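Results of the structural survey
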Amino acid sequence: MTKIAIIGAGLSGLSAAHLLKQHADITIFEKARGVGGRMSTRRAEPYFFDHGAQYFTVRAKPFQAFIQPLIDQHIIQTWQTRYVKFFGDQLIESQNDDDQQSRYVGVPGMNSIAKHLAQDTAIHINTRIARLEQQDKWQLTDEQGNKYDNFDWVICTAPAPQAVELLPKTFAYYDELKAVKMRACFSLMLGFDTPLPLDFESAHLTHSDLSWIAVNSHKPGRDEPYTLMVHSSAAYADAHFYADRDMVMDHLISETSRILGHDVSLAQYKTVHGWLYANNATQPESAVFLDTQQQLAACGDWCLGGRVEGAFMAAFNLVTKLKAVGL
Ligand SMILES: Cc1cc2nc3c(=O)[nH]c(=O)nc-3n(C[C@H](O)[C@H](O)[C@H](O)COP(=O)(O)OP(=O)(O)OC[C@H]3O[C@@H](n4cnc5c(N)ncnc54)[C@H](O)[C@@H]3O)c2cc1C
């Protein structure tokens, strides 16, 4: 059977593995200690935070068909909120639940989706691939020097700037991959003993150093105490990514307090996480990065607009093309 190595256990890598598992022998390599990538859940007992993707929407039929079994098993559920928009610190719009396109979340955490997809798949976690070499077949070497041999194909699903570090310059799409720019984001996580009396559970913000405020514990199946998840704007994170993290946290707390009219510095739990490659700044022209000569491919949300649905559709399109070339 054809042997395929997939680098990355985010939604793209796991979806590709899932879609290929009847056709090939798959092994996934993931540098983190768990699966999910940017669709993960941070645990800080008694609090839980979806500190990457907050929810996702579904437009494409293949994605709808893919998630339907998970909806049937209640691993994916809809999240209905009182939703508002801010322009700076001005509230400009409120919407009823019924006005919104369905927002889907993993239950009890965003990472439940990845955990489900990872079942029955060979995954090496805590394994950062550092080098790829092709002789007759592909050989992968991790940063400890361990070698993994005999792969017919390699699919890299790391964010584009990390993929470019790993893939050889001879990769047919190398220049296009290199041109993809991604932007940063800070996630501020706040855990409380007592709920805040807010008039909404989710908010998008523009013209602000913040882009999102949500009551994370309001999502379905979350039994944990009250939590808030706040995201910075991409502009703020790009400009301050290497600044002192306590300073960043203080600034995000003070902006959140000002906008909500509540002092969130009184939270019992506070931490901030920085995502260097959170979302796309640019989108490539090609939608599928498949080098049939070298039997090498790359995919991820960055191929198709930088969202959860884009991560799945990028994997779906790649697998469709791989099957067409006779895998
Ligand atoms: C803060 C934030 C908020 C977001 N909010 C939303 C939202 O509300 N809705 C939405 O639709 N999308 C949202 N997104 C985007 C969404 O999370 C991503 O589009 C999606 O999860 C990307 O999946 P992926 O598989 O392409 O990449 P990733 O999830 O990044 O997976 C790539 C994986 O590759 C691994 N990896 C990288 N290099 C190596 C290596 N050398 N060796 C081994 N493993 C490696 C990484 O550890 C990672 O697990 C958000 C993202 C962030 C960061």
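The preceding data block contains the structure.
Here is a short report on the structure shown in this document. Predicted model only: the values in this text are computed from it and were never measured.

1. Remarks on the sheet that holds strand β13 (residues 153-156)
The 6 strands are arranged β9-β2-β1-β13-β20-β19 in an open sheet whose pairing can be described as mixed. Each having just a single partner strand, β9 (122-124) and β19 (289-291) make up the two edges of the open sheet. Going from strand to strand, the sheet's axes swing by 15 degrees on average, the running direction of each strand aside.

2. Digging into unusual backbone geometry
Looking along the chain, the bond that leaves Glu 45 and enters Pro 46 is cis, with omega of 5 degrees. Examined against the element boundaries, Pro 46 turns out to sit in the loop between β3 (42-44) and β4 (47-49). Along the chain, Val 107 connects to Pro 108 via a cis peptide bond; the corresponding omega equals 5 degrees. In this structure, His 207 takes a positive phi of about 50 degrees despite not being glycine. Along the chain, His 207 turns up in the loop between β15 (202-206) and β16 (210-215). Residue His 207 is classed as exposed on the basis of its 10 C-beta neighbours within 10 Å.

3. As for the nonpolar core
In terms of nonpolar packing, the biggest core is built from 98 residues, with Ala 16, Cys 299 and Ala 315 touching the most fellow members. Broken down by element, the residue count for this core peaks at 10 residues, all from helix α8 (residues 308-324). In contact with Cys 299, other than residues within four places in its own chain, are Ser 12, Ala 16, Ile 155, Thr 157, Phe 289, Ala 314, Ala 315 and Leu 318.

4. Notes on the site of the ligand
Taken together, 39 residues lie around the ligand, and Gly 8, Gly 10, Ser 12, Gly 37 and Asp 301 are the ones closest in. Of all the secondary-structure elements, those providing two or more residues to the shell around the ligand are α1 (11-20), α4 (160-166), β14 (182-191), β18 (269-280) and α8.

5. Some words on the pairing of strand β6 (residues 83-87)
In the sheet, β6 pairs with strand β7 (residues 90-95) via 5 bridges, with the strands oriented antiparallel. Residue pairing in the sheet places Lys 85 in a bridge with Glu 93 of β7. Here β6 folds back onto β7, and the loop between the two strands holds 2 residues, one of which, Gly 88, carries a positive phi near 60 degrees. Pairing of β6 with β15, which is carried by 5 bridges, proceeds in the parallel orientation. Note that in β15 the partner of Lys 85 across the bridge is His 204.

6. A few points about the packing of α1 against helix α3 (residues 111-118)
Here α1 crosses α3 at 30 degrees, and the two axes come no closer than 9 Å. Judged by the angle between their axes, α1 and α3 are roughly parallel. Remark: the crossing between α1 and α3 carries left-handed chirality. The segment α1 lies against α3, with Leu 11, Leu 14, Ser 15 and His 18 engaging Ala 114, Leu 117 and Ala 118. Tallied by class, the residues present in the contact of α1 with α3 amount to 5 nonpolar, 2 polar and no charged.

Procedures and definitions
Residues numbered from 1 in each chain as written. Predicted model: local features only at pLDDT ≥ 70, side-chain atom pairs only at ≥ 80, totals over all residues. Pairing = 2+ DSSP bridges. Helix = DSSP H or I, 4+ residues; strand = E, 2+ residues; numbered from the N terminus. Axes fitted to C-alpha atoms, helices over the stretch in contact; angles between N-to-C directions. Buried ≥ 20, exposed ≤ 12 C-beta atoms within 10 Å, placed from the backbone. Core = buried A, V, L, I, M, F, W, Y, C linked by C-beta atoms within 7 Å. Contact = placed C-beta atoms within 7 Å. Near = placed C-beta within 6 Å. Parallel < 35°, antiparallel > 145°, perpendicular 65-115°, else oblique. Left-handed = near helix turned anticlockwise from the far one by under 90°. Nonpolar A, V, L, I, M, F, W, Y, C, P; charged D, E, K, R; others polar.

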